[in-house]
Amino acid sequence: MMVGPTFYSQTTIKGHVVDERGKSVEYVNIGFEEDSIGVISDVQGYFEITIPANRRDSLSFTHVSYQPTMVSYDIYSKKSELTVTMLNKVVELNEVVVGKKNRPRTLSGKSWVNVGVVAFIGDNKDNNKYLEWGPIFKNRKDYLLSDILLSLKECTFEQCTLSFNIYEIHGNQFVNILNKPIYRIVSPADNDKELDISPWEDIILKGKQQNCICVSPVNTKGNGAIYFSATFKSSFVRNSVKGKRRKMPICPAIVLKGCEL
């Protein structure tokens, strides 16, 4: 008896991501490790992902405030709708002391020259919303981050939610040092403004450590684009879902300020 190859049809899964209390988790990265498949949950934690035939890997769910969660093929393949519960990340907070006379100083971007604009273009169905982009930097001493400054040239979306991530670079690995997400909602009313974002947590930038700060549009209303001032600076464009990245000689002109520890 001859047995032919087994074929699997593609699977479309709709789902909802919640925390331990059943509260929706917004903007969760969902996909396969080092793959071309991935989506981000919406502001209410809902998502839809189409998985090609013959894929049997576990589905990965990641968010800066929660522990990574894996859902096996045996589970998601049997359900058209899925509820995924993410566990809170356990964080040990250290006391941070900054001298009263220690005012914030510019850590990165002080002498950058604007050379035009860079843009994220497309609606929510385009892969652009999964890209994050930003400069590589290193400081000689330890600093407490106080401000993230970004020059918005033009937003043609009705509304756009920007997400910021800060990574320590260890070889080929990007380690996110945030414990809470950093978001900023912008609209055409913010055109030609310098955005000033202050983190909700104490973020320590270690001295002599190579870092990368990235900005990404994670949610948009309507069709459009968002443009930022650009500068010549070594940077990474990174897929926030898949983790794949490439180095670039130009990037959004993101300026960081902080206090020396």
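Above this text you will find the structure in question.
Predicted model only: the values in this text are computed from it and were never measured.

Re the environment of V215
Part 1 of the argument: Among the structural elements, V215 can be located in strand 17 (residues 211-221).
Part 2 of the argument: For V215, a relative accessible area of 0% translates into the label buried.
Part 3 of the argument: Apart from the residues within four sequence positions on either side, V215 is in contact with F120, L131, E132, W133, L150, L162, S163, F164, P252 and I254.

Structural notes on the nonpolar core
Part 1 of the argument: Counting 33 residues, the largest nonpolar core has I148, L162, L205, I226 and L256 as the members making the most contacts within it.
Part 2 of the argument: Sorting elements by how many residues they give to this core places strand 11 (residues 143-155) first, with six residues.
Part 3 of the argument: Filtering out sequence-adjacent residues up to four positions away, I226 remains in contact with V118, A119, F120, L152, E154, C155, F157, C160, L162 and V186.
Part 4 of the argument: Residues F32, I40, V84 and V218 belong to the second largest nonpolar core, which totals 25 residues.

Comments concerning a nonpolar patch on the surface
Part 1 of the argument: A cluster of nonpolar residues, V113, V115 and F232, forms a patch on the protein surface that exposes about 310 Å² of accessible area.
Part 2 of the argument: Along the polypeptide, V113 turns up in the loop between strand 8 (105-108) and strand 9 (114-121).

Focus: the sheet that holds strand 1 (residues 11-18)
Part 1 of the argument: Taken in spatial order, the three strands of this open sheet run 4-1-7, and their pairing is mixed. If you trace the sheet from one side to the other, it starts and ends with strand 4 (46-51) and strand 7 (81-85), each paired once. Pairwise comparison of adjacent strand axes, ignoring direction, gives a mean angle of 30° for this sheet.
Part 2 of the argument: Across five bridges, strand 1 lies against strand 7 in parallel orientation. Residue K14 lies in a different strand from strand 7, and its bridge partner there is E81.

Quick look at the environment of I148
Part 1 of the argument: With respect to the helices and strands, I148 occurs in strand 11.
Part 2 of the argument: In this structure the C-alpha to C-alpha distance between I148 and F164, which are 16 residues apart in sequence, comes to 9.1 Å.
Part 3 of the argument: If we skip the residues at most four places from it in the chain, I148 touches F164, I182, L195, D196, I197, I213, I254, V255 and L256.

What about the layout of surface pockets?
Using a probe with the size of a water molecule, rolled over the atoms, empty space left in the structure can be pinpointed.
Part 1 of the argument: Estimates place the volume of the largest pocket at around 790 Å³.
Part 2 of the argument: Put simply, the parts of the chain that give the lining of the largest pocket at least two residues each are strand 2 (29-31), strand 5 (59-63), strand 6 (66-71), strand 12 (159-170), strand 13 (173-176) and strand 17.
Part 3 of the argument: Partitioning the lining of the largest pocket into residue classes produces 16 nonpolar, 12 polar and seven charged.

A closer look at the sheet that holds strand 3 (residues 38-40)
Part 1 of the argument: Within the open sheet, the four strands sit side by side as 3-2-5-6. Their pairing is antiparallel. The sheet is open, and its two edges are formed by strand 3 and strand 6, each paired on a single side. Taken pair by pair, the neighbouring strands of this sheet meet at an average axis angle of 15°, ignoring direction.
Part 2 of the argument: As defined by bridge partners, strand 2 adjoins strand 5 across three bridges and the pair is classed as antiparallel.

A word on the pattern of salt bridges
Part 1 of the argument: If you walk through the whole model with that rule in mind, you get five salt bridges.
Part 2 of the argument: Measuring nitrogen to oxygen at the nearest pair gives 2.8 Å for the salt bridge that ties E132 to R238. With E132 in strand 10 (residues 131-137) and R238 in strand 18 (residues 225-239), this pair connects stretches of sequence that are 106 residues apart. Neither E132 nor R238 differs from the other in exposure class; each is buried.
Part 3 of the argument: Residue K153 is joined to D192 by a salt bridge in which the shortest nitrogen-to-oxygen separation is 3.9 Å. Separated by 39 residues along the polypeptide, K153 in strand 11 and D192 in the loop between strand 14 (182-186) and strand 15 (193-197) bring together distant segments of the chain.
Part 4 of the argument: Accessibility expressed as a relative area gives 33% for K153, which makes it partly exposed.

Describing the environment of V186
Part 1 of the argument: When you line up the elements, V186 lands in strand 14.
Part 2 of the argument: The class for V186 is buried, based on a relative accessible area of 1%.
Part 3 of the argument: Discounting chain neighbours no more than four positions away, the residues touching V186 are L152, C155, Q159, C160, L162, L195 and I226.

Quick notes on unusual backbone geometry
The phi torsion of most residues other than glycine is negative, and most of the peptide bonds are trans.
Part 1 of the argument: Positive phi outside glycine occurs at Y27, with the angle close to 55°.
Part 2 of the argument: By secondary structure assignment, the location of Y27 is in the loop between strand 1 and strand 2.
Part 3 of the argument: One non-glycine residue, D192, adopts positive backbone phi at about 65°.

About the criteria used
- Residues numbered from 1 in each chain as written.
- Predicted model: local features only at pLDDT ≥ 70, side-chain atom pairs only at ≥ 80, totals over all residues.
- Heavy atoms only, no water.
- Helix = DSSP H or I, 4+ residues; strand = E, 2+ residues; numbered from the N terminus.
- Buried < 20%, exposed > 50% of the residue type's maximum accessible area, 1.4 Å probe, protein only.
- Contact = heavy atoms within 4.5 Å.
- Core = buried A, V, L, I, M, F, W, Y, C linked by side-chain atoms within 4.5 Å.
- Patch = residues over 30% accessible without salt bridge, like charges linked within 9 Å, V, L, I, M, F, W, Y side chains within 5 Å.
- Areas by Shrake-Rupley, 256 points an atom, 1.4 Å probe, with all protein chains shown as cover.
- Salt bridge = Lys/Arg side-chain N within 4 Å of Asp/Glu carboxyl O.
- Pairing = 2+ DSSP bridges.
- Axes fitted to C-alpha atoms, helices over the stretch in contact; angles between N-to-C directions.
- 1 Å grid on protein atoms, 1.4 Å probe; cavity = no way out; pocket = protein on both sides within 12 Å on 5 of 7 lines; lining within 4 Å.
- Points joined across faces, edges and corners; volume = space filled by probe spheres on them.
- Nonpolar A, V, L, I, M, F, W, Y, C, P; charged D, E, K, R; others polar.

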